[in-house]
Amino acid sequence: ANETPVRHQPPTATYDSAFLKACRREPVPHTPVWFMRQAGRSLPEYRKVREGIPMLESCTRPELVTEITLQPVRRHDVDAAIYYSDIVVPLKAIGLGLDIKPGVGPVVEEPIRTRADLARLRDLTPEDVPYVTEAIGLLTKELGQTPLIGFAGAPFTLASYLVEGGPSRTYENAKAMMYGDPELWADLLDRLADITAAFLKVQIEAGASAVQLFDSWAGALAPADYRRSVLPASAKVFRAVAGYGVPRIHFGVGTGELLGLMGEAGADVVGVDWRVPLDEAARRVGPGKALQGNLDPTVLFAPREAVEAKTREVLDAAAGLEGHVFNLGHGVMPSTDPDALTRLVEYVHTRTAR
Ligand code: CP3
């Protein structure tokens, strides 16, 4: 993951969108909104086109990826699309034996536990993921002025699946490696940083307007461990894509104590879950960064009046921010009523119209 030279490109079709302006901390016509996991099982049209097609296979079909990515944009009028893929796609693309089990998540055939296992993590090249370049080409044409967010899993969150062999609540094997063999752990995260950076570069070169690094499970770590054992690898990813000038978003769940460090890692926008109000999050992150968040996704199961009241709380806490991208504090839950999401987008747009 070498540093990319700064390129002076003419402003793109998406440059003046509310989403990119908010990421750059410029004045916006309204607070932009998108939802993590906005494409997916909450939408009947998604369930229909995915019928009979395994998750990871669906990610390799450019027309299908394009359709699924566009579905929530059409339905909800969100301010950005997020590329339909998964954090394990680049790992599958370099030949690791893994799958996504419905209702479970990523499962790895042979977990990474020893130094010899590292040899299975080879570099990723654009030729490994031709379908990404093709799908993003199709998408940016269809999206016009609506930005496309590319994404990848951060080294720690990827390592948590690779070392555990699947989803975990405790991360005991990953943490055992982190504490017990810090050199092996550092080398593992460094390998993953290179793969992640290469995967993000493919997406940006193909036309993604912003990127989000998902360190979903980093909240399992104490700040000192995060700083020592995780931040260097995530910082390497952010440095590798800095030269493109696209906003870099950094998100994790339960990361209230890590918000400052996650900003320090090199993010332009820090994602916040629902546990820390945005004004307090801004104090923890410090100046010079925008924030993204942070409505509790379960609020959407409450009646409309309650959703609106909780949304006002988020917007009030965001009132003094340098830049705010409205989102949920984590992904849309599959059983969410999609109409509640459409209403939420409209409510935020109307309430924040300037
Ligand atoms: O709309 C979007 O947000 C884009 C698509 C997207 C998916 N995965 C598609 C998907 C994104 C951004 C991801 C990221 C992802 N994948 C993360 C980070 C985000 C987060 O939620 O914290 C993580 C941890 C994963 C790993 C993963 N993949 C899990 C935990 C699961 C859920 C397993 C299940 O069935 O409940 C997946 C599968 C997955 N990725 C689905 C989708 C739409 C559901 C599978 C399906 O529809 O068949």
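Since we're looking at a predicted model, the values are computed, not measured.

Rules behind the numbers
- Residues numbered from 1 in each chain as written.
- Predicted model: local features only at pLDDT ≥ 70, side-chain atom pairs only at ≥ 80, totals over all residues.
- UniProt positions renumbered as here; feature names shortened; annotations may be inferred.
- Helix = DSSP H or I, 4+ residues; strand = E, 2+ residues; numbered from the N terminus.
- Contact = placed C-beta atoms within 7 Å.
- Expected span 1.5 Å × (residues − 1).
- Buried ≥ 20, exposed ≤ 12 C-beta atoms within 10 Å, placed from the backbone.
- Arc of directions from axis to C-beta.
- Pairing = 2+ DSSP bridges.

Let's talk about the UniProt feature "site: Transition state stabilizer" (unreviewed entry) in the chain
- In the UniProt entry, the feature "site: Transition state stabilizer" (unreviewed entry) is given for Asp86.
- The topology assignment puts Asp86 in the loop between strand 1 (81–82) and helix 5 (89–93).
- Setting aside chain neighbours within four positions, we find Asp86 in contact with Met55, Cys59 and Ile100.

Regarding helix 6 (residues 130–143)
- Relative to the 20 Å expected for 14 residues at 1.5 Å per residue, helix 6 spans 20 Å between its end C-alpha atoms, a close match to the ideal helical length.
- Along helix 6, the residues that are buried comprise Val132, Ala135, Ile136, Leu139, Thr140 and Leu143. The buried residues of helix 6 all sit within an arc of 130° when viewed along its axis, so they share a single face.
- Among the structural elements, helix 4 (62–76), strand 1, strand 4 (148–153) and helix 9 (182–206) are those in contact with the buried residues of helix 6.
- Positive phi appears at Gly144, one or two residues downstream of helix 6, with a value of about 60°.

Notes on unusual backbone geometry
- Residue Asn294 is reached from Gly293 by a cis peptide bond, and omega for that bond is -10°.
- With respect to the helices, strands and loops of the structure, Asn294 is situated in strand 8 (residues 290–295).
- Positive phi values are uncommon outside glycine, yet Arg37 reaches one of about 60°.
- Looking at the element boundaries, Arg37 is found in the loop between helix 1 (18–23) and helix 2 (44–50).
- Positive phi outside glycine occurs at Asp77, with the angle close to 60°.
- Tracing the chain through its elements places Asp77 in the loop between helix 4 and strand 1.

Looking at the pairing of strand 5 (residues 210–214)
- Of all five residues making up strand 5, five are buried, and the element is well covered by its neighbours.
- When strand 4 meets strand 5, the two strands line up parallel, connected through five bridges. For Ala152, the partnering residue across the bridge sits in strand 5 and is Leu213.
- Relative to strand 6 (residues 248–251), strand 5 runs parallel, the two being bridged by four bridges. Looking at strand 6, one finds that Val211 is bridged to Arg248.

Looking at the pairing of strand 3 (residues 105–108)
- Note that strand 2 (residues 98–101) and strand 3 share four bridges and pair antiparallel. What sits directly across from Lys101, in strand 3, is Gly105.
- Hairpin connection between strand 2 and strand 3: a loop of three residues separates the two successive antiparallel strands, and Gly103 in this loop has a positive phi of roughly 80°.

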